[in-house]
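# Per-entry structural report
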Amino acid sequence: MSRAVTPARKTINTVLAWTVALILFFPILWTVLTSFKPEPVAVASPPVFLNFDWTLKNYYDVERQRDYFDYFLNSVIISLGSTVLGLVLAVPAAWSMAFVPGRRTKDLLMWMLSTKMMPAVGVLVPIYLIFRTLGLLDSRIGLTVVLMLINLPIIVWMLYTYFREIPGEILEAARMDGATLSSEIIYVLTPMALPGIASTFLLNVILAWNEAFWTINLTVTDAAPLTKFIAGFSSPQGLFYAKLSAASTMAIAPILVLGWFSQRQLVRGLTFGAVK
Amino acid sequence: MNTLTRALMGATALCALGIAASAQEATTLTIATVNNGDMVRMQGLTDAFTEQHPDIELEWVTLEENVLRQNVTTDIATSGGQYDVITIGTYEVPIWGKQGWLVPLNDLPAEYDVDDILPPIRAGLSVDDTLFAVPFYGESSFVMYRKDLAEAAGVTIPDQPTWDDIKAAAAAMNDPDNGIYGICLRGKAGWGENTAFITTMANSYGARWFDENWQPQFDSPEWKATITDYLDLMTNYGPPGASSNGFNENLTLFQQGKCGMWIDATVAGSFVTDPNNSTVADQVGFALGPDSGQGKRANWLWAWSLAIPSSSDAPDAAKQFVAWATSKEYTELVAENEGWANVPPGTRTSLYENQEYLAAAPFAQMTIDSINAADPNSPTVQPVPYTGVQFVAIPEFQGIGTAVGQEFSAALAGEKTVDEALAAAQELAVQEMTTAGYIQ
């Protein structure tokens, strides 16, 4: 039996939800607003909310100083590339862990996650040296591989959780009908787990898009993505907040739009398996 | 035509293309810079360089100061060779030069006229008389004040003020009811923020960071006098929330007419007198950093400079570029395109003998006098084992300087007393210096 929800409680819940959502969204809203302000207004005290001379000058200045599209393209290639590569490796891995677990499967999952517990800067110099030796510094391929490795534990964990919800009997039935291992994974498992795979894909694109440590440290110009684009607009002397906000807005806009359109999928995927 | 013939023809064409490409192959210089007005302007004017040097291509990486430092240190320490020219300050040059991370620049061509570089700046960029970087622009710090407010309050600020003059003027001009504060000073924590300013103030009060045996000196009466006066000035005559004000915040306050005085970088001279951004552009007077009669003034020395990392694979082309970007010829190029007021200041003696520049920049004379009053090799009244005016040129200083700055910022915010802040600063400095092996 479900609990009765009184209209008063419903109103309180709605107000509460909107308040929390606004608090969470406020930094982004403030960044977007600041990007349309003249520089002195951006640092005015008390802060100015809406009543200022709206201007596009910051966007013009940002684009004039640096070519946005080059950075954007690198971001797209690196985030999509690393996620697709990660899925190719993680789907079979998660399949084996979910459907043919061994004695050490749980330990293996834990161990994979432990690589996320180390601060990234701790391995900066070794990775930098490896990249230098392999000629991968400032290359899209190198960065794609690094981001894939960083996000792989999360991809495997998410897929593992989704796969566990799928009855093993269905896969058995496919096997009885003579399906090989690869066709079992490609034609039976993948279509059934598609919502889960889709949300894993989206979440990891977002994570890779926003990854700032490795993308800033391992690139110079050729492979530099939008994180590096933003990092150049802070200034030691002179006002910069409005231009920095414009650069940030340009950097987050594509991923924000992607998130907006796929939010239903994302929420469904993230809460998948929550009710057990 | 059979397949073999086609393949051979294709291969020949490819070889020809390859040869043609390698004959024209240009050296690409990757230049890392910080994002400030003068650097952005330089990026816009480099056509003049590439026209003279068609075999050199330039690629720019603009980064936030701390990100730049981290990127470049990782690259140099691992000989990554990603950067050919880097923008660094007077803090890094002596440290990195000593480490052998930078290419010596003693062999610049005669027409570069290295003797024209201002002596204090050149000293700050050299280790044992070897030049490791060339200055792109240099700065000291000085007093900027509102002539109209001073006149209305009946005070005069001499060209060479003492701290007593500053205190009297701050008290006279302070009018918080009308949104005007007697003095604006840095309060935001950071080795390049409040620590820089307070260190110069301490120098003029006879205090020092370390004695000749590297023993921290925050327990000295000179430091107590410095911090007591700094807090008195800021609590009585400073703007509210000053503990989060850095260069940019104070610049805005001053430009909006909210500060009677502001002691900060000489480079701000061109910002506060720019009628497009400053509401008080025609009312600004300048004076040297204050002293307390002990022979040292409160003014720092800094130069954003171009250096070549030893890991660069094109040091010769890089040398041509750094020589061009810091030459007299470049100064004239900026003057021609953007006017004399916009040329990078504080690097060459000849600029301060140029009447056109002196006429265009009302702060020029005070800037050069301030730079010449700073001595990185003898920054304080008492002898010290370090170089650097508003910093101590040792690798550990970034950490210690920021931690000490946080103590002073907390005192300014009213969270600590002067004694508590200084005791905490002393304790953490002793601990860090012991860990780093300077003291037992």
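Residues numbered from 1 in each chain as written. Chains lettered and ligands numbered in written order. Predicted model: local features only at pLDDT ≥ 70, side-chain atom pairs only at ≥ 80, totals over all residues.

As a reminder of what qualifies: UniProt positions are given in the numbering used here, feature names are shortened, and annotations may be inferred rather than shown by experiment.
Under an unreviewed UniProt entry, chain B has the name Sugar ABC transporter substrate-binding protein and belongs to Rubellimicrobium rubrum. Listed under Sequence similarities (unreviewed entry) in UniProt, the entry text for chain B is "Belongs to the bacterial solute-binding protein 1 family." Quoted verbatim from the Subcellular location (unreviewed entry) field of UniProt, the annotation for chain B is "Periplasm".

An unreviewed UniProt entry lists chain A under the name Carbohydrate ABC transporter permease, with Rubellimicrobium rubrum as the source organism. Looking at the Subcellular location (unreviewed entry) heading of the UniProt record, one finds this comment for chain A: "Cell membrane". What the UniProt record of chain A gives under Sequence similarities (unreviewed entry) is the line "Belongs to the binding-protein-dependent transport system permease family."

## Things to note about the overall build of chain A
Test applied: Labels follow the DSSP assignment, with helices taken as runs of H or I lasting at least four residues and strands as runs of E lasting at least two, numbered in each case from the N terminus. For every residue, the other C-beta atoms within 10 Å of its own C-beta are counted; 20 or more classify it as buried, 12 or fewer as exposed, and values in between as partly exposed. C-beta atoms are placed from the backbone. We call two residues in contact when their backbone-placed C-beta atoms lie within 7 Å.
Looking only at helices and strands, chain A features 14 helices and zero strands. When its helices and strands are written in sequence order, chain A yields α-α-α-α-α-α-α-α-α-α-α-α-α-α. Counting only C-alpha atoms, chain A reaches 70 × 65 × 30 Å along its principal axes. Within chain A, the proportion of its 276 residues that are buried is 32%. Considering only contacts in chain A between residues 6 or more positions apart, those separated by 24 or more positions represent 80%.

## Structural notes on the domain arrangement of chain B
Here is the rule: Domain start and stop points were drawn from an automatic or database domain assignment. Ten residue types, Ala, Val, Leu, Ile, Met, Phe, Trp, Tyr, Cys and Pro, are classed as nonpolar, four, Asp, Glu, Lys and Arg, as charged, and the remainder, Gly among them, as polar.
Assigned domains of chain B: these are domain 1 (26-139 + 302-360) and domain 2 (141-299 + 396-435). For the side of domain 1 of chain B that touches domain 2 of chain B, the class distribution of residues is two nonpolar, one polar and one charged.

## Concerning the interface of chain A and chain B
Listed by partner, the interface residues are 24 residues for chain A and 26 residues for chain B. For the side of chain A that touches chain B, the secondary structure elements donating two or more residues are helix 6 (124-134) and helix 11 (213-217) of chain A. Among the elements that take part in the side of chain A that touches chain B, helix 6 of chain A stands out by supplying five residues, more than any other. The residue makeup of the side of chain A that touches chain B, split by class, is 14 nonpolar, eight polar and two charged.

## Quick notes on the packing of helix 8 (residues 168-176) of chain A against helix 9 (residues 181-192) of chain A
Residues and elements named next belong to chain A. Our working rule: To get an axis, a line is fitted to the C-alpha atoms, and for a helix only the part in contact is used. The angle between two axes follows their N-to-C directions and goes from 0 to 180 degrees. By definition in this entry, angles of less than 35 degrees are roughly parallel, angles greater than 145 are roughly antiparallel, angles of 65 to 115 are roughly perpendicular, and the rest are oblique. Helix crossings are classified by the rotation of the near helix relative to the far one: an anticlockwise turn of less than a right angle makes the crossing left-handed, while a clockwise turn makes it right-handed.
The geometry of helix 8 relative to helix 9 is characterised by a closest axis approach of 10 Å and an angle of 135 degrees between their N-to-C directions. Put simply, helix 8 runs oblique to helix 9. Classified by chirality, the crossing of helix 9 by helix 8 is right-handed. Across from I170, L171, A174 and R175 in helix 8, the residues of helix 9 making contact are E184, V188 and L189.

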